[in-house]
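Residues per chain, in single letters:
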Amino acid sequence: DIVAKVFSIIHVELNMPAFDVILPVGISFYTFQALSYTMDVYRDDIYAEIITDGKHLPYELIRLIVKIKGSDKVALITDSLCVAGLEPERLKDYPLLVEDGVCKLPDRSAFAGSICTADRCVREVCFGAGIPLVEAVKMITAIPAEILNIKKGNLKDGYDADIVIFDENINV
């Protein structure tokens, strides 16, 4: 049995004192979804998840997070909603607005989530933020598996051999 002890902070805004108060609970990772979510960058004991759809975070911030934390403590995530990958005609069934490569609330007041696929995450990080491909692939495979304490994300004995093949433009 594999049991992962994972405590996360997602979709909240905390200032530094509030963040430090909740750390003893055992937070293991934190999701960056906007510029204001930057309090765990300095901590070596906490993973950072970054939504790398090219919309939630600017490339400069992605580079800064990876530089400070190192690719061993950063996980790339899609933050995708169920509408990701749907054909435009099927989107009319959902009370969401998809435009500019992201899902928005109908009144356009905020992002509702991402429509990003994993290959797009890697493309955005490599071609947009300039992170090397090997590091980007590690951050979307091995690091999330490490956070969850599952034997995936690496091609080695005892691990599930999940393989994705993509072209030079990171299209699956």
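Residues numbered from 1 in each chain as written. Predicted model: local features only at pLDDT ≥ 70, side-chain atom pairs only at ≥ 80, totals over all residues. Heavy atoms only, no water.

To continue, consider unusual backbone geometry. The residue Asp-79 is not glycine, and still its phi comes out positive at about 55°. For Asp-79, the position within the fold is in the loop between strand S4 (74–77) and strand S5 (97–99). Residue Asp-79 is classed as partly exposed on the basis of its relative accessible area of 23%. The phi dihedral of Ile-170 falls on the positive side, at around 60°, and the residue is not glycine. In this structure, Ile-170 sits in the segment after helix H5 (142–148). (Helix = DSSP H or I, 4+ residues; strand = E, 2+ residues; numbered from the N terminus. Buried < 20%, exposed > 50% of the residue type's maximum accessible area, 1.4 Å probe, protein only.)

Right, let's get into the pattern of salt bridges. By the definition in use, this model includes eight salt bridges. Arg-120 is paired through a salt bridge with Glu-124; the nearest N and O atoms lie 3.7 Å apart. Of this pair, Arg-120 and Glu-124 both sit in helix H3 (residues 118–128), separated by four residues, roughly a single helical turn. The same class applies to Arg-120 and to Glu-124, which are both buried. Across the pair Lys-152 and Asp-160 runs a salt bridge whose closest N-O atoms are separated by 2.9 Å. With relative accessibility at 40%, the residue Asp-160 sits in the partly exposed group. (Salt bridge = Lys/Arg side-chain N within 4 Å of Asp/Glu carboxyl O.)

Two aromatic rings, taken as a pair, are described by how far apart their centres are and by the angle between their planes. Summed over all chains, the structure comprises zero aromatic pairs. The positively charged end of Lys-73 is found above the aromatic ring belonging to Tyr-47, 4.2 Å away from the centroid. (Phe/Tyr/Trp six-rings, centres within 6.5 Å; stacked < 30°, edge-to-face > 60°. Lys NZ or Arg CZ within 6 Å of the ring centre and 35° of its normal.)

Right, let's get into the state of the cysteines. Here a disulfide denotes one covalent bond, and it connects the sulfur atoms of two cysteines. For the coordinates displayed, the defined rule picks out zero disulfides. As a non-bridged cysteine, Cys-121 has Cys-116 as the owner of its nearest cysteine sulfur, 3.5 Å distant. According to the relative accessible area criterion, Cys-121 is buried, its value standing at 0%. (Disulfide = S-S within 2.5 Å.)

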